[in-house]
Amino acid sequence: MKKYWKSIEEYKQGAKDDNAHLPNKIQASEALKASRRDFLKYFGFSVASAAVLASCERPVKKAIPLLIQPEEVRPGVASFYASTFYNGGEAVPILVKVRDGRPIKIEGNDLCMMTEGGTSAQVQASLLNLYDESRPRNPTFNGEETSWQKANSDITAQLKNISADQDIIFLTQTVISPSQQSLFSKLLAIYPNSKQVTLDPYSYSGIREAYKEVVGEAIIPMFHFNKAEVVVSFAADFLGTWLMPTAFTNQYVKNRKLENGQKKISKHIHFEGFMSLTGSNADDRYVIKPSEEGRYVLSLYNEIAKSLHLPALNKGGFENEVSKVAQQLVHAMSSSLVVSGSNDKNIQLLIAGINAMLGSFESTIDVNKEINLYQGNDVALSELVKGCKEGKVGALVCLESNPAYNMPDAVSFKEAVKNVGFTVNVTSQKDETNELCQYVLPASHFLESWNDAEPVSGVFSLTQPVIRPIYNTKSMNEIFLSWLGEEASSYEYLHQYWNENIIAKSEEDNPFISTWKKTLSAGIWDMETLNRTRKLQVPDLSSPASIALAEKTEAGLELMGYQSVPVGDGRLANNPWLQELPDPVSRVCWDNYFSVSPKLAEEEGWSQGDVISVAGMELPVFVQPGNHDKVISVALGYGRTMEGPNPEVIGKDIKSLLQNKEGEVTYYTPISDVKSTGGTYELATTQTHHSMEGRALVRETSLSEYLKDPASGNEMHAEIEKLHTSLYKKHEYKGHHWAMFIDLNSCTGCNACVVACSVENNVPVVGRDEVRRSHEMHWLRIDRYYTQAPDDPASLRVVRQPVMCQHCDNAPCENVCPVAATNHSSEGINQMAYNRCIGTRYCNNNCPYKVRRFNWYDYTGADAIPYNRVDVTGMSTDLKRLVLNPDVTVRAKGVIEKCSFCIQRIQEKKLEAKKEGEPLQDGAIQTACQQGCPAKAITFGDMNDKNSAVSKMMKDPRRYHLLEELHTLPSVAYLTKVRNIEETVKSEPEHNTDH
């Protein structure tokens, strides 16, 4: 079989080594130093502790009864409210689960056709920011608290006093709310010398400027990956962070599933300089330097033009390298899609030219339906900073934009803003701009606000409050209404705006009321028709071609900044769930770092964790297979303060190292000042163990082999089935027998399932140091494996596998527990009785899948022993504990925990079906990981139901189980990954895996 490996150390040492490279490994020689006296001492303490705990009193918990119970509140019964997640970047329609007046979970809205109920890690984690103690609580003026009435009256008076020769700048994040934009228009009309400038933490200005020349308007068109047979991407991480990753993931996997007799999957080709989430999912991957992208795109344009007998442009120099890609695109023609993540207008014009030649604007790209996100303009931001320096700006009102951090050149902005006479910052979180502004107004969290959104033209969604404001905050619309002197509430204004502008009027008796209620309940309003037709006219591309050729590619190193999937642009950086979420590629959390290729590390003599200085910025090295040998990549969005008991700055902000050219923000730059500091830093990484150890945990094949034999790559499954015998008594399941299937073809590794599981099941956050010690607590992990040699980045392939408790019928953990804390249910679920567990960890040692987690400390405030708390992020405070799911026990120190198949959800749906007198329908139960997945890679159901989806999947030739040779009979199954490659990659000689 192929050799799969997780880290460079593993590849070099081979799977037969003794894991000595692991961090904090206890060597055998050290372990044997403990004397018999020490052993008895420790053992005696643990036994005594258990005896004390058995008789101690639990802390007193007080409940406040409802004297007057609201009609819609039923104790112990959850309510769901449709709303919209939007943090200035991605917008996703959601459902918010509210228990006893507090939001405890976010789900996707399955009525939204773009996402079909999918979410992302950031959507799931955004709930925690609602309970953030560091949020601004009251309006302040020069650091002193003031009232809302005084603050609003002073601000409006100050704005009126700004002289006519000075500008009033409203610096906003991208506004996708139609009602909020109408308020802005009224506000701008009151102050004739005012302007609205949009600031996006990550710029997409280049693509808007390109389409301004293509269709006459600065737009981002809607892309349809589900209609593309061939997708070619130039550094556009559309599955991770580019534009609308949740919607694009939903589209992308529809052409990657092999179900219902489907015989083909889309071809995905990716060009990039570092290993991204999207690149790791590609069928073919080309590793290029960022400065070469323009010439690669130009070369691809020429090769396509040549095949279609159209005029070519100046040669890019990489025609031979892209010839095969061009042939595949020409073969697909209008069923192809080419995208680029570049912020260079000229590259985007060449991309538009390629799509025009192929006819993609007729199918996979819709210029009449635009993406309303990322409306910022780089030139306007440069002019703003210049105007502040020259004293032309009399007042600067920052509205959820945080320019002190988000500006491309934040240092210049901080200096320039000193020349502005009047400054206001309206923000929902503690941010860097607060220190620069006279007035700081606390804005409400989106879950406390009325609003609306139009993320894509014609698709509207509503935002409604699901909890009263925790602090003395006001929504952005309330603040605008106060400044305008209007007495209407934000709800009344939203209601009126929709009545007049969105929901069509009719001659019937006030149909708006019923339509409004239905829309508010559904959360979505999709206009069926858009009376808009944009004329497509690709301009002369001679100039963009010349500019692309003029881009010099130096022989030296290049630094590239990118958005990480967990932290993104940094807006949610003060979120422990996201900070502890491992990066889907590197599996590192809690820090950013300089990623380098194995070859570059070897040439420079760098090892994992060595601290290097790049242009004066010091960060540790992470050796990342798949990176270009001359590219150092680093995540943006760091360098912000993580609030909590011990506030600290997480990582470093590297935007100052990136150069801007001609008013455009670029995310790469040549570098020459690179040196080692001699220091080291231990990164918190969750994946270095040799978990495959020569065994077939992941199975894959090529599309051509699959079409010959659907069991291709999974041949050993049938052989193992023949050998199964057991000493175990066979379980009989007379009722339900729950099972889960995971399609490796669909899973992109986006991590939405990991956060969804943590939120649903009260999984604790342990902090960087505990992760370094391999004490992370996630119930669900996504293993990432490489295959092929690391010295050839282009041929390197990545495969991922979500792993949770396998709920084995012959569970090895159940036999060894001395107190029967882990047991088998009558429905096939491996259960944990937390109050029975005494923490021997025998079950953990006996689990071949290593999916059980041990609470080394009291992370959540559930323990009865004092001074036992380890809570580096403040997750055990009274406010943050409001996010806990009351249906799931909060575990204490010394207790094993693991995936439960969301047993609380199973019981809830079973009771509902029983009350209704109807049989439980297949699909009614969705686990948290399943419901949050944007790729629909997870299926859960009853194997005893012959018509259920999981029963049908049992017959799929691609179906296999982990370590099925052990005959543990897991209830979790996987479907073999199928790649759209021409032929099966030749395997390397196997390393000796004997132990």
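Use the structure listed above.
Residues numbered from 1 in each chain as written. Predicted model: local features only at pLDDT ≥ 70, side-chain atom pairs only at ≥ 80, totals over all residues. Heavy atoms only, no water.

Asker: Tell me about the overall build of the protein, and name the residues and values.
Answerer: Along the protein, the regular secondary structure elements total 30 helices and 45 strands. In the protein, which comprises 995 residues, the share counted as buried stands at 61%. On the protein, roughly 41,000 Å² of surface is accessible, and the fraction owed to carbon and sulfur atoms is 50%. (Helix = DSSP H or I, 4+ residues; strand = E, 2+ residues; numbered from the N terminus. Buried < 20%, exposed > 50% of the residue type's maximum accessible area, 1.4 Å probe, protein only. Areas by Shrake-Rupley, 256 points an atom, 1.4 Å probe, with all protein chains shown as cover.)

Asker: A description of helix H6 (residues 178–190) should follow, citing residues and the corresponding values.
Answerer: When the terminal C-alpha atoms of H6 are compared, their 19 Å separation across 13 residues agrees well with the 18 Å that a helix rising 1.5 Å per residue should span. Regarding H6, the residues found buried are Pro178, Ser179, Gln180, Ser182, Leu183, Phe184 and Leu187. (Expected span 1.5 Å × (residues − 1).)

Asker: Tell me about the packing of aromatic side chains, and name the residues and values.
Answerer: Applying the stated rule across the entire model yields 31 aromatic pairs. With a centroid separation of 4.5 Å and an interplanar angle of 15°, the aromatic rings of Phe234 and Phe271 are classed as stacked. Placement of the pair is Phe234 in strand E10 (residues 230–234) and Phe271 in strand E11 (residues 267–272), with a sequence separation of 37 residues. Both residues of the pair, Phe234 and Phe271, count as buried. Ring plane angle 70° and centroid distance 6.0 Å describe the contact between Phe422 and Tyr439, whose orientation is recorded as edge-to-face. Remark: Tyr439 occurs in strand E17 (residues 439–442) and Phe422 occurs in strand E16 (residues 422–427); sequence separation between them is 17 residues. Of the residues examined, Phe422 reaches a relative accessible area of 4% and is grouped as buried. The ring of Trp148 is capped by Lys474, whose NZ or CZ atom sits 5.7 Å from the centre of that ring. The side chain of Arg640 reaches across the aromatic face of Tyr405, ending 5.2 Å from its centre. (Phe/Tyr/Trp six-rings, centres within 6.5 Å; stacked < 30°, edge-to-face > 60°. Lys NZ or Arg CZ within 6 Å of the ring centre and 35° of its normal.)

Asker: Could you give an account of the environment of Gly874, naming the residues involved and the relevant values?
Answerer: Here Gly874 lies in the loop between strand E40 (853–854) and strand E41 (896–897). Accessibility expressed as a relative area gives 3% for Gly874, which makes it buried. As a C-alpha pair, Gly874 and Asp132 span 742 residues in sequence and 9.5 Å in three-dimensional space. Excluding residues that lie within four positions of it along the chain, Gly874 makes contacts with Glu133, Pro645 and Lys880. (Contact = heavy atoms within 4.5 Å.)

Asker: Describe the sheet that holds strand E12 (residues 284–287), and please don't skip the residues or the numbers.
Answerer: Sheet architecture is open: four strands sit in the order E12-E11-E10-E13, paired in parallel fashion. Looking along the sheet, the strands with just one partner apiece sit at the ends: E12 and strand E13 (336–340). Averaged over all neighbouring strand pairs, the angle between strand axes comes to 10°, with direction disregarded. With five bridges connecting them, E10 and E13 associate as parallel partners. Pairing of Val232 across the sheet is with Val338, part of E13. (Pairing = 2+ DSSP bridges. Axes fitted to C-alpha atoms, helices over the stretch in contact; angles between N-to-C directions.)

Asker: Explain the side chain of Arg853 to me, and be specific about the residues and the numbers.
Answerer: Note on placement: Arg853 falls in strand E40. Ignoring anything within four residues of it in the chain, the contact list for Arg853 reads Glu776, Met777, His778, Arg781, Val895, Ile896 and Glu897.

Asker: A description of the sheet that holds strand E3 (residues 91–99) should follow, citing residues and the corresponding values.
Answerer: Taken together, three strands build an open sheet; the order of strands is E2-E3-E4 and the sheet is antiparallel. The two strands at the open ends of the sheet, each matched to only one other strand, are strand E2 (79–86) and strand E4 (102–108). Adjacent strand axes in the sheet meet at a mean angle of 35°, parallel and antiparallel pairs treated alike. Against the sheet, helix H4 (residues 121–130) makes contact with E2, E3 and E4, and its axis sits at roughly 165° relative to E4, the strand it touches most.

Asker: Residue-level account of the pattern of salt bridges, with values.
Answerer: Oppositely charged side chains may form a pair once their charged atoms are brought near each other. A full pass over the atoms with the stated rule returns 38 salt bridges. Glu700 is the salt-bridge partner of Arg979, the closest N and O atoms lying 2.6 Å from each other. With Arg979 in strand E45 (residues 977–979) and Glu700 in strand E34 (residues 700–702), this pair connects stretches of sequence that are 279 residues apart. Its relative accessible area of 3% is what places Arg979 among the buried residues. (Salt bridge = Lys/Arg side-chain N within 4 Å of Asp/Glu carboxyl O.)

Asker: Tell me about the pairing of strand E25 (residues 617–623), residues and numbers included.
Answerer: Regular strands have side chains that alternate between both faces of the sheet. In terms of residue burial, E25 counts as a mostly covered element, since six of its seven residues are buried. Bridge count for strand E24 (residues 610–614) against E25 is four bridges, and the pairing is antiparallel. Note that in E25 the partner of Ile612 across the bridge is Leu619. A loop of two residues connects E24 with E25, the two strands running antiparallel in sequence, and Ala615 in this loop sits at a positive phi of about 50°.

Asker: Please set out the state of the cysteines residue by residue, giving values where relevant.
Answerer: Counted by the stated rule, this structure contains zero disulfides. Not part of a disulfide, Cys847 finds its nearest cysteine sulfur in Cys813, a span of 6.4 Å. Classification of Cys847 as buried rests on a relative accessible area of 7%. For Cys933, which is in no disulfide, the shortest distance to another cysteine sulfur is to Cys750 and amounts to 6.0 Å. (Disulfide = S-S within 2.5 Å.)

Asker: So, the environment of Asp344: which residues are in play, and what are the values?
Answerer: In this structure, Asp344 sits in the loop between E13 and helix H12 (345–358). Along the primary structure Asp344 and Thr666 are separated by 322 residues, whereas in three dimensions their C-alpha atoms are 7.5 Å apart. Asp344 has contacts with Gly206, Lys661 and Glu664, leaving out every residue within four places of it along the chain. For Asp344, the side chain forms a polar contact with the main-chain nitrogen of Asn346, separated by 2.8 Å. (Polar contact = N/O pair within 3.5 Å; in protein donor to acceptor, adjacent residues only side chain to side chain.)

Asker: Lay out the packing of helix H10 (residues 293–307) against helix H11 (residues 319–332) with the relevant residues and their values.
Answerer: Running from amino to carboxyl end, H10 crosses H11 at an angle of 55°, the nearest separation of the two axes being 8 Å. Taken together, H10 and H11 sit at an angle that is classed as oblique. Relative to H11, the crossing made by H10 is right-handed. Contacts between H10 and H11 involve Tyr296, Ser299, Leu300, Asn302, Glu303, Ile304 and Ser307 from the former and Glu319, Glu321, Val322, Ser323, Val325, Ala326, Leu329 and Val330 from the latter. Here the residues of the contact of H10 with H11 are counted per class, giving eight nonpolar, four polar and three charged. (Parallel < 35°, antiparallel > 145°, perpendicular 65-115°, else oblique. Left-handed = near helix turned anticlockwise from the far one by under 90°. Nonpolar A, V, L, I, M, F, W, Y, C, P; charged D, E, K, R; others polar.)

Asker: Describe helix H7 (residues 205–214), listing the residues and the values that go with them.
Answerer: Of all ten residues that make up H7, seven are buried, and the element is covered over most of its length. Residues Ser205, Gly206, Ile207, Arg208, Ala210, Tyr211 and Val214 constitute the buried set of H7. Buried residues along H7 sit in contact with strand E9 (220–223), H12, strand E14 (365–371) and helix H13 (378–389). Positive backbone phi, approximately 90°, marks Gly216, located one or two places after H7.

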